[in-house]
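# Coordinate inspection notes
If you want the building blocks of each chain, they are given just below.
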Protein chains: 2
Amino acid sequence: MAEQSPITPRAKDFPEWYQDVIRAGDLAEPAIVVKGAMVIKPNGYAIWEKIQRELDDRIKATGHRNAYFPMFIPESFLKKEAEHVEGFSPELAVVTIGGGKELEERYVVRPTSETIIGHFFAKWIQSHRDLPMLINQWANIVRWELRTRMFLRTSEFLWQEGHTAHATHEESLKEVLRMLDVYADFAENVMAMPVIRGEKTASEKFAGGVKSYCIEGLMQNGWALQAGTSHDLGQNFGKAFDVKFQNMAGQSEYVWQTSWGVSTRLIGGLVMTHSDDAGLVCPPKLAPYHVVVIPIFKNDAERAATEEVGRRMVEDLKGKGLSVVFDNRDERPGAKYFEWERKGACARIEIGPKDLEKKSFAFKRRDLEKKEFVPMEKGVDHVVAQMEAMQKDLFNKAKKFRDESTRRIDTWDAFKAQMDGAGGFASCHWCGDGACEGQVKEDTKVTIRCIPLGNAKEAGKCVRCGRESGERVLFARAY
Amino acid sequence: MAEQSPITPRAKDFPEWYQDVIRAGDLAEPAIVVKGAMVIKPNGYAIWEKIQRELDDRIKATGHRNAYFPMFIPESFLKKEAEHVEGFSPELAVVTIGGGKELEERYVVRPTSETIIGHFFAKWIQSHRDLPMLINQWANIVRWELRTRMFLRTSEFLWQEGHTAHATHEESLKEVLRMLDVYADFAENVMAMPVIRGEKTASEKFAGGVKSYCIEGLMQNGWALQAGTSHDLGQNFGKAFDVKFQNMAGQSEYVWQTSWGVSTRLIGGLVMTHSDDAGLVCPPKLAPYHVVVIPIFKNDAERAATEEVGRRMVEDLKGKGLSVVFDNRDERPGAKYFEWERKGACARIEIGPKDLEKKSFAFKRRDLEKKEFVPMEKGVDHVVAQMEAMQKDLFNKAKKFRDESTRRIDTWDAFKAQMDGAGGFASCHWCGDGACEGQVKEDTKVTIRCIPLGNAKEAGKCVRCGRESGERVLFARAY
């Protein structure tokens, strides 16, 4: 096995730790030769494939169908929605040459697809009978970012983007919140990452939309991560691209649109929610490897005996739908344990000559300290049950951390002290003024992550300026 | 339902027919605003998703893992392999601006990924223990083509590209042929499209490779379609990107590489292999819709009765894993039949009041003329069996056509007459000279599709120049 450089502890340097976990888990690496881009290696891509499968099932179950639109968008399209072009212009990659010739109209590589899809919706939608139109796309996206971090912010990334058109604002808003719920359900029940659903302030909303909603997770360093967004686009793109339909009364109206997306950034969130100083920890529903079976032997006879039982166990576990690796390489067991911990295998099984005598095996879950000895006959059921338990335990652990890291803070001094220290979510009153919000960001780099849905109404004073406030909002440092 | 313009008959204008089937089946449309690009609509994308699922399973079962590499490739990378850059230069889209600034090094949008993957292989491969490296990527590709046709040739398309590295040429060649077999198996057993496996002549091989292999199908107009390729890259890219490994003897060697791919072009092949003048015909393994259940009624009582039985049948069929639509819209049954024929539903079930009395239903398979009446109690089993039968029948029908359209031709006059007429595969002697091959192409637009694998050795005279030949090759007009 290749030698491995150590993983920086979280407490020492969280950003270094993050990169080390990704390297040690063989998830990805920076492309370097392509600015801000990354290579998603097989271990990382396996997680993305599981994310895709789970999300795609949910997106289809809510009535959407997948389609594929051109990646190149005529530059003029972006200019049709004033706020949209202003928001995305600084981040565009532009194709100016095609087939050896300077192009007459330049193309931008999609930074998001509202404009090109708006163009086609205008062709496809004539009548209220064509509505709702419920489309989703899995695609690569390019945004020329200055500061990049693997998975969290890269110049090219993979995502899904839902785009829908409806006859009424009531209906489109229902869609926006329904997909936000789909994302929250996915984050919590598949990624084991607790999230807050909320509304973005005006300064943080999608460029060109009316209102944006989000799910926000809390990473182990006390920073928040926006893990998914769902946008109420109102009639803005309908007007920009002339997407009209004839309503039941025979009148022509602009459609009401939504868009919503999650990306490979989720893998960054997964890493920062669960992993530890030994490397990747992955909830079983997304793990590339569930169980590694390791025979322990000192001679050929022991090898033959432990491998025979090990192979049988591998087959039995595969039969339960688990992803299982049989690691009988000629290496020290300790080196193997170390490697599979880094790669985020959910559990390992050790089978040595003594285990054979006792008709049991050693079982070590990645997220627990202690090793158990399990009777062979109960082995498969035990492993399956432990995978379910691990999924729940990871969520509960992350939720406990998130809850303990969420504080009601009412003074500016306490706010600054908390945000300079352990961070976390600060639930504070805010006056509602974007200028005040901007001042907080300038002073502390802290932003309003969201106004939580179903927030309790409560009178108070803005944590920064002291003006009247009717409810608390969530502040945090964020990726 | 929207009014539908008619489908041009195949005999009248095959290219028009092809476009009409795609439009009527709602599979795709030309993007127009993006040169040479297309939008893959939900019905078309559903076919692509099934292709992906089936192929991905086979690619994984042969030991490959998926990964994702940057879409942008430094322009200098292409120049490292002289033949490669010469082959692809005319087709490149170039990004010259990023984040509002002129780029120092321009990027091309990948026309294929040998170069960028070669760069990373050089970082990842040190020792023979790192081999074989077996990677696959699902991605979008851009080639600036002058003449485009939906699915068959578009400026942007979707594909999978396998890239592997091996310690010996023997091993890499085995991989090339193994993946060619995977493609042939997929084409015949999933797409129901018979194919010939063969070797490309030097003039038709991949730019930068040593030898290319292909599968070739025959479309209903007598033109061939290259449906998949598998390339022996030798050590060409290994040398260009310095991909070396230490062999078991401790010496440094260049790796032997392969690449292989199939694309959304397969959907074009599917359309042209099976569809007819009424629209799309799709083999059950790839069909977006297996069965449409249509209740027939003249009044509310009949509606209630037929719908009840219809809905039960829908649930039963879904329980068998079939994709089923219940079409109880207020439209004439004839209009519904017409629509679902165009959309390529494999079968329809009609349930009217008389059928209820007789405890049977009417069953019409898309590819057969006659309607059957099936006892209700045997209904589900019958439908399932008919789906299997249809899959086989479509293949046999296409194979019969292909076999009858493959002719041994020994004179230039007969060759020209055949190729000016019904086309098909012409199995002819060829002298082996690229200049002679080029002359045939110039005179008749006919190319050598392949030298079939396992070809019988047979002495003869070149169909064009009369020189000596040791075997026959397959000529055809091709997409």
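Residues numbered from 1 in each chain as written. Chains lettered and ligands numbered in written order. Predicted model: local features only at pLDDT ≥ 70, side-chain atom pairs only at ≥ 80, totals over all residues. Heavy atoms only, no water.

Moving on, we come to the nonpolar core. Counting residues in each nonpolar core, the largest one holds 240 residues, and the members touching the most others are A:F72 and B:F72. In contact with A:F72, not counting residues within four places along its chain, are A:V95, A:Y107, A:V108, A:V109, A:I116, B:V34, B:A93, B:V109, B:V142, B:W144 and B:E156. Residues A:F415, A:W430, A:V440 and A:V473 belong to the second largest nonpolar core, which totals 17 residues. (Core = buried A, V, L, I, M, F, W, Y, C linked by side-chain atoms within 4.5 Å. Buried < 20%, exposed > 50% of the residue type's maximum accessible area, 1.4 Å probe, protein only. Contact = heavy atoms within 4.5 Å.)

This brings us to the sheet that holds strand β4 (residues 72–74) of chain B. On the basis of which strands lie adjacent, the open sheet formed by six strands has the order β4(A)-β6(A)-β5(A)-β5(B)-β6(B)-β4(B) and antiparallel pairing. Only two strands of the sheet have a single partner each, and these edge strands are β4 (72–74) of chain A together with β4 of chain B. Direction aside, neighbouring strands of the sheet carry axes that sit 45° apart on average. Where β4(B) and strand β6 (residues 101–109) of chain B come together, three bridges link them in antiparallel fashion. When the bridges of β6(B) are listed, B:F72 appears paired with B:V109. (Pairing = 2+ DSSP bridges. Helix = DSSP H or I, 4+ residues; strand = E, 2+ residues; numbered from the N terminus. Axes fitted to C-alpha atoms, helices over the stretch in contact; angles between N-to-C directions.)

Next up on the list: the environment of A:M419. Residues and elements named next belong to chain A. Tracing the backbone through its elements, the reader meets M419 in helix α13 (residues 412–420). Taking the relative accessible area as the measure of exposure, M419 reaches 7% and is therefore buried. Considered as a pair, M419 and E81 are 338 residues apart in the sequence and their alpha carbons are 37 Å apart.

Let's shift gears to the domain arrangement of chain A. The extent of an interface is frequently quoted as the accessible surface area lost upon association of the parts. What the domain assignment lists for chain A is domain 1 (14–274), domain 2 (291–392) and domain 3 (406–476). Using C-alpha coordinates to define each centre, domain 1 of chain A is positioned 40 Å away from domain 2 of chain A. (Domains from an automatic or database assignment.)

Residue and element names in this part refer to chain A. The mixed open sheet is built from five strands, whose spatial order is β16-β15-β17-β18-β19. Single-partner strands in this sheet number two, and they are β16 (324–326) and β19 (371–375). Averaged over all adjacent pairs, the angle separating strand axes in this sheet is 25°, with direction ignored. Of the strands in this sheet, β15 (291–295), β17 (347–351), β18 (360–365) and β19 are in contact with helix α12 (residues 379–404), which crosses β18 at around 10°.

Look at helix α2 (residues 42–61) of chain B: 28 Å from first C-alpha to last across 20 residues, which is about the 28 Å you get at 1.5 Å a residue. By the burial criterion, the buried members of α2(B) are B:P42, B:N43, B:G44, B:Y45, B:A46, B:I47, B:W48, B:E49, B:I51, B:L55, B:D56 and B:I59. (Expected span 1.5 Å × (residues − 1).)

A word on the side chain of A:N140. With respect to the helices and strands, the residue A:N140 is situated in strand β7 (residues 133–142). Since its relative accessible area comes to 4%, A:N140 is described here as buried. Of note is the side chain of A:N140, whose polar atom sits 3.3 Å from the side chain of B:Y68. Of the polar contacts made by the side chain of A:N140, one reaches the side chain of B:N140; its length is 3.0 Å. With near-sequence residues (within four places) excluded, A:N140 lies in contact with A:Y68, A:M71, A:R110, A:E156, A:F157, A:L158, B:Y68, B:M71, B:R110 and B:N140. (Polar contact = N/O pair within 3.5 Å; in protein donor to acceptor, adjacent residues only side chain to side chain.)

Let us look at the interface of chain A and chain B. The interface of chain A with chain B comprises 57 residues on the first partner and 57 residues on the second. When chain A packs against chain B, close to 4,600 Å² is buried across both sides, 60% of that on carbon and sulfur atoms. Contact with chain B buries area across many residues of chain A, yet A:V33, A:R65 and A:Y68 alone supply 14% of it, more than any other trio. Between the two partners, chain A and chain B, sit four salt bridges. Between B:K60 and A:E49 there is a salt bridge whose closest N-O contact spans 3.0 Å. There are 30 residue pairs in polar contact (both at pLDDT 80 or more) connecting chain A and chain B. (Buried area = accessible area lost by both parts, 1.4 Å probe. Salt bridge = Lys/Arg side-chain N within 4 Å of Asp/Glu carboxyl O.)

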